[in-house]
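Each chain, written out:
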Amino acid sequence: MREATGYAPGRVNLIGEHTDYNDGLVLPIALELGVTVRAGERDDDLVRLGTDADVGPGAVSYRIGHETPDRSWGDRVRGITAALRDRGIAIGGFTAEIASDLPAGAGLGSSAALAVAVLRALGDLFDLGFGDRDLVDLANAVENGPFVGARAGLLDQLASVYGRPDAGLRIDLRDRSTVMIPLPSDLELAVIDSGTRHAHATSGYNRRRAECEEAGRHLGVASLRDLEGREIFSIIERLVPPLDRRVRHVLTENERVRETVAALQAGDLPRVGTLLDESHRSLRDDYEVSTAELDRLVAVARSDPEVLGARLVGGGFGGSIIALTRRGRALQAAHRVVNEYRGGRLVAVVP
Ligand code: GLA
């Protein structure tokens, strides 16, 4: 019986949050943490899944063609095998052991990493010939599909498949074009998980996306990116609250991605820090995806003398923050922050 292994990393997004589904700009860095899937062929149509992650149930099984959701993490794999069948891709039963050193639900792209790792393992096991683009599109379709139901953009899948741990990847979602942005040698980021998860994160996320679509309809554009070049005030004065604030976040966040790229290229870390701070304020006040815990964690980080800027990372509604420091300072700063915050934990120092 054949065996195959698939791995996919998580990500931090340096800046460019909630812009991906608005055809905007993002700047992720791949983490050196991720999901590994060891799959083995079976001679029947049974799927048997196990995981070392701290999620219940520890084991899940079902038959190919009988993907009935049970609201557990197993639905993410059910979503994959169902999506393959919908596309006329036939596979048999398999076992899969899923190991992860990436915290789940922490805003670090764990969901996309799981999907890409499973697809890589199955692609190999059943000779499905997936290219990188197939991995991105299939993983995203599963996220958006009935088994997961988060109307996520492509940031996490693109970052997992194309991202690098030692550079930023500027992605323009309008055409998926990418540019590697080297990180200044004295840059370091602490990734700190607040440990909090919001029960309504998915519905909150989907609502934000619907608000952007509603604003676009009202303004007569297919995507908020089409508003670029126009004066922000004259755009948002045509919108009722909260749509005006949502659009202001998206437009200013795209601009912050551009400015961050320029600041990285100039080696201007204080400027990068200021842009991270502004991004957090915009996510908090205009986009309203922060939480009291994330705000407090960012404030504690921001009061550390070594931290040049900090913000929530990922979709928000709980999860993690990033804090920018000079090289060699992130670890100590993160320990001080976690101590003072009295919770949370350091997940990674990047790069
Ligand atoms: C989640 C989604 C991404 C992106 C971010 C916010 O991670 O999966 O598509 O929208 O939130 O930037």
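If you're wondering where the values come from, they're calculated on a predicted model, not measured in any experiment.

A. Region of the structure containing the site of the ligand. Contacts to the ligand come from R11, E17, H18, D20, Y21, A152, G153, L155, D156, Y205, G314 and G315. Within the side chain of D156, a nitrogen or oxygen atom sits 2.8 Å from an oxygen atom of the ligand. At a separation of 3.4 Å, an oxygen atom of the ligand approaches a polar backbone atom of G315. Here the residues of the shell around the ligand sort into four nonpolar, four polar and four charged.

B. Local environment of the pattern of salt bridges. The tally for this structure, following the rule as stated, stands at 33 salt bridges. Residue R311 pairs with E17 through a salt bridge whose shortest N-O separation is 2.8 Å. Taken together, the residues span a long stretch of sequence, with R311 in strand β10 (residues 309-313) and E17 in the loop between β1 (3-13) and β2 (25-26) at a distance of 294 residues. Residue E17 is classed as buried on the basis of its relative accessible area, which comes to 1%. Of the charged contacts, one joins E288 and R246 as a salt bridge, the two residues approaching to 2.8 Å between their closest N and O atoms. Taken together, the residues E288 in the loop between α8 (269-286) and α9 (292-302) and R246 in helix α7 (residues 243-266) connect sequence positions 42 residues apart. A single salt-bridge network, built from bridges that share partners, covers D172, R225, E228, E255 and R258.

C. View of the domain arrangement of the protein. Taken domain by domain, the protein holds domain 1 (3-179) and domain 2 (184-350). Computed from C-alpha coordinates alone, the two centres of domain 1 and domain 2 are separated by 24 Å. Across the boundary between the two partners, domain 1 contributes 36 residues, which contact 44 residues of domain 2. In this assembly, domain 1 packs against domain 2 so that about 3,200 Å² is buried in total across both faces, 61% of it on carbon and sulfur atoms. Summed over the three residues of domain 1 that lose the most area to domain 2, namely I15, H18 and R151, the buried surface amounts to 22% of that side. Where domain 1 packs against domain 2, one counts four salt bridges. Between E213 and R151 there is a salt bridge whose closest N-O contact spans 2.7 Å.

D. Focus on the pairing of strand β5 (residues 59-63). Across the two faces of β5 the burial differs, with V60 and Y62 buried and A59, S61 and R63 not buried at all. As defined by bridge partners, strand β4 (residues 46-51) adjoins β5 across five bridges and the pair is classed as antiparallel. Each bridged residue has a counterpart across the sheet, and for L49 the counterpart in β5 is V60.

E. Highlighting the packing of helix α1 (residues 74-86) against helix α2 (residues 110-125). Across the interface, α1 lies against α2 with an axial gap of 10 Å and an inter-helix angle of 50°. By the angle between their axes, α1 is oblique relative to α2. Crossing of α1 over α2 shows right-handed handedness. When α1 is examined against α2, the residues R76, V77, I80 and L84 are found in contact with a partner set consisting of S111, L114, A115, V118, L119 and L122. Among the residues making up the contact of α1 with α2, the classes are represented as eight nonpolar, one polar and one charged.

F. Here's a closer look at the packing of α1 against helix α3 (residues 132-144). In contact at an axis separation of 9 Å, α1 and α3 are set at 120° when each is read in the N-to-C sense. When you trace α1 past α3, the crossing you get is right-handed. Facing R76, G79, I80, A83 and L84 of α1, the residues of α3 in contact are L138, V142 and E143. Here the residues of the contact of α1 with α3 sort into five nonpolar, one polar and two charged.

G. Up close: α8. With 18 residues, α8 ought to run about 26 Å at 1.5 Å a step, and its terminal C-alpha atoms sit 25 Å apart, in line with that. L269, V272, G273, L275, L276, D277, S279, H280, S282, L283 and D286 are the residues of α8 that are buried. Buried residues belonging to α8 abut β9 (187-197), α7, α9, β10 and β11 (318-326). For α8, the side-chain oxygen to backbone nitrogen distance between the N-cap and R271 is 3.2 Å, and the N-cap itself is D268. Following α8 by one or two positions, E288 adopts a phi angle in the positive range, close to 50°.

H. Region of the structure containing the sheet that holds β1. The mixed open sheet is built from five strands, whose spatial order is β1-β3-β6-β4-β5. Of all the strands in the sheet, the pair left with one neighbour each is β1 and β5. Looking at each pair of strands side by side, their axes are set apart by 20° on average, direction ignored. Judged from the seven bridges that link them, strand β3 (residues 28-41) and strand β6 (residues 94-100) form a sheet pairing that is antiparallel. Paired with A39 across the bridge in β6 is A96. Sitting on the sheet, α1 touches β4, β5 and β6, and the angle it makes with β5 is about 25°. Each of β1 and β3 touches helix α4 (residues 155-162); the most contacted strand, β1, lies at about 120° to it.

I. Broad picture of the nonpolar core. Judged by nonpolar contacts, the single largest core of 76 residues is most densely connected at L31, L49, L84, F94, L108, L122 and V191. At ten residues, α2 tops the list of elements feeding residues into this core. When we break this core down by domain, the ones giving at least three residues each are domain 1 (3-179) and domain 2 (184-350). Excluding its chain neighbours within four sequence positions, the residues that come into contact with L122 are I80, L84, I91, F94, D127 and L128. Ranked by size, the runner-up nonpolar core spans 38 residues in total, among them L283, A333, A334 and V338.

Calculation notes
- Residues numbered from 1 in each chain as written.
- Predicted model: local features only at pLDDT ≥ 70, side-chain atom pairs only at ≥ 80, totals over all residues.
- Heavy atoms only, no water.
- Near = heavy atom within 4 Å.
- Polar contact = N/O pair within 3.5 Å; in protein donor to acceptor, adjacent residues only side chain to side chain.
- Nonpolar A, V, L, I, M, F, W, Y, C, P; charged D, E, K, R; others polar.
- Salt bridge = Lys/Arg side-chain N within 4 Å of Asp/Glu carboxyl O.
- Helix = DSSP H or I, 4+ residues; strand = E, 2+ residues; numbered from the N terminus.
- Buried < 20%, exposed > 50% of the residue type's maximum accessible area, 1.4 Å probe, protein only.
- Domains from an automatic or database assignment.
- Contact = heavy atoms within 4.5 Å.
- Buried area = accessible area lost by both parts, 1.4 Å probe.
- Pairing = 2+ DSSP bridges.
- Axes fitted to C-alpha atoms, helices over the stretch in contact; angles between N-to-C directions.
- Parallel < 35°, antiparallel > 145°, perpendicular 65-115°, else oblique.
- Left-handed = near helix turned anticlockwise from the far one by under 90°.
- Expected span 1.5 Å × (residues − 1).
- Core = buried A, V, L, I, M, F, W, Y, C linked by side-chain atoms within 4.5 Å.

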